[in-house]
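# Inside the fold
Here is what each chain is made of, one letter per residue.
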Amino acid sequence: MSAPKTARPPREVARWVLEIEAAAIKALLPQLDESFDRAVEMLLACRGRVVTTGMGKSGLVMKKVAATLSSTGTPALFLHPAEAIHGDLGMVSAGDVVLGASYSGTTEELLGLVEWVKRLGVPIIVITGNPGSPLARHADVHLSLQIDQEACPLNLAPTASTTATLALGDALAMALLEARGFTPEDFAQLHPGGMLGKKLLKVRDVMHEGESLPRVKTETLLRDTVYEMSRGKLGITGVVDEGGRLVGCLSDGDLRRLLEHDADLLKRTAGACMHAEPRTIVGGELASAALKLMEENRITSLFVCDEEGVLQGIVHIHDLWRLELF
């Protein structure tokens, strides 16, 4: 596929570019061989960090590859090859693995870095489009990335090649993720900020517990129950038995309704007035699941209990508002 010589409508150019870049990624499939498996094994066995490197556009792509690896359980950093030979080589140490990218396989700065890395005894994986290149020959593992053409009308600007490099980097990261048995819980620990981390928060991470958990026993008088509800500032309190198991709850609304019909209400006990079998959830559920349960049942609080029914905490809809899960 070659670029027309005359100017084209923008959308036509966009379609042409996207078709070429999509084809470049698809062309990686038949190039995957045992080298990819060996690369994953090498990265999985890495006791240190994966040091990604590359010059120019390839370098920018390898920065993103390092970020993806780090965020999915494989510690990684980016090393600029030109800066490396002027002091930053100290970032590489025994136990690391170097992962470099150069489509031509002849980038001088990368060749200079590889020479010194080999002296350190650090294994090297390179991604190139030329298996006969100097970089490919010096590498412990070579990953082939051959494309038909760049998505540039002049066939010069790195476009399809960098897109394919990024895709291959993602493939390595996801293969490592699966090999490590990386879980959503692991992901949440590495993404405490932003929406990704918030969506993976567990109920136990946002619930009120300990002294901040309002609860009374079944024999507690309502006047003391009101005090406990006020102290908790959640408009509700759990009612538990002698074993700490949740047997009911009382809310501000329950008290108002009861007061309309019983002048001596404050002399009664929490157990006699409670709403039995309140909605509960376990602490290991996602906070988003708690929100969904509240919405489905049109409630503002959800009690957190263990498998034996023992009250552990309470989560309020305001807590979830602060997480911006809506």
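For the structure itself, look to the data block above.
Calculation criteria
Residues numbered from 1 in each chain as written. Predicted model: local features only at pLDDT ≥ 70, side-chain atom pairs only at ≥ 80, totals over all residues. Heavy atoms only, no water. Helix = DSSP H or I, 4+ residues; strand = E, 2+ residues; numbered from the N terminus. Expected span 1.5 Å × (residues − 1). Buried < 20%, exposed > 50% of the residue type's maximum accessible area, 1.4 Å probe, protein only. Pairing = 2+ DSSP bridges. Axes fitted to C-alpha atoms, helices over the stretch in contact; angles between N-to-C directions. Contact = heavy atoms within 4.5 Å. Salt bridge = Lys/Arg side-chain N within 4 Å of Asp/Glu carboxyl O. Patch = residues over 30% accessible without salt bridge, like charges linked within 9 Å, V, L, I, M, F, W, Y side chains within 5 Å. Areas by Shrake-Rupley, 256 points an atom, 1.4 Å probe, with all protein chains shown as cover. Lys, Arg positive; Asp, Glu negative; His and termini not counted. Charge placed at Lys NZ, Arg CZ, Asp CG, Glu CD. Arc of directions from axis to C-beta. Polar contact = N/O pair within 3.5 Å; in protein donor to acceptor, adjacent residues only side chain to side chain.

Along an α-helix, residues three or four positions apart point the same way, because every turn accommodates 3.6 residues. Across its 16 residues, helix 3 (residues 56–71) extends 23 Å between first and last C-alpha, which sits within 8% of the 22 Å expected from 1.5 Å per residue. Those residues of helix 3 that sit buried are Ser 58, Gly 59, Val 61, Met 62, Val 65, Ala 66, Thr 68 and Leu 69. Looking one or two places after helix 3, you find Gly 73, whose phi comes out positive at around 100 degrees.

Here the focus is the sheet that holds strand 4 (residues 124–128). Read across the open sheet, the five strands follow the order 2-1-3-4-5; overall the sheet is parallel. Here the strands that pair on one side only, and so sit at the sheet edges, are strand 2 (76–78) and strand 5 (141–144). The average undirected angle you get between the axes of adjacent strands in this sheet is 20 degrees. In this sheet, strand 3 (residues 97–101) lies alongside strand 1 (residues 50–53) in parallel orientation, the contact comprising four bridges. Note on strand 3: the bridge partner recorded for Thr 52 is Leu 99.

Okay, the sheet that holds strand 9 (residues 275–276) next. An order of 6-7-8-9 is seen for the four strands of this open sheet, with the pairing classed as mixed. Every interior strand has two partners, whereas the edge strands, strand 6 (215–217) and strand 9, have only one. Packed on one face of the sheet, helix 12 (residues 252–259) meets strand 8 (246–251) and strand 9 and runs near 70 degrees to strand 8.

Here we come to the pattern of salt bridges. Going through the model one piece at a time under the given rule, you end up with seven salt bridges. The partner of Asp 170 in a salt bridge is Lys 64, and the shortest N-O contact between them spans 2.9 Å. Residue Asp 170 is found in helix 7 (residues 160–180), and its partner Lys 64 is found in helix 3; the two are separated by 106 residues along the sequence. Among the salt bridges present, the one from Arg 231 reaches Glu 228, with a minimum N-O distance of 2.8 Å. Here Arg 231 pairs with Glu 228, and both are found in helix 11 (residues 222–232), just three residues apart, close to one helical turn. Assessed through its relative accessible area of 33%, Arg 231 is described here as partly exposed.

Let us look at a negative patch on the surface. Together, Asp 33, Glu 34, Asp 37 and Glu 41 give the surface a local cluster of negative charge. Within the secondary structure, Glu 41 is located in helix 2 (residues 34–44). On the basis of relative accessibility, which here comes to 52%, the residue Glu 41 falls in the exposed class.

For helix 2, the complete set of buried residues consists of Ser 35, Phe 36, Ala 39, Val 40 and Leu 43. Along the long axis of helix 2, the arc covered by the buried residues comes to 140 degrees, so they all point the same way. Those residues of helix 2 that are exposed and aimed more than 90 degrees away from the buried face are Glu 34 and Glu 41. In this structure, the buried side of helix 2 is in contact with strand 1, strand 3, strand 4, strand 5 and helix 7. Here helix 2 starts with a cap whose side-chain oxygen sits 2.9 Å from the backbone nitrogen of Ser 35, and that cap is Asp 33.

Coordinates in, geometry out; function isn't part of it.
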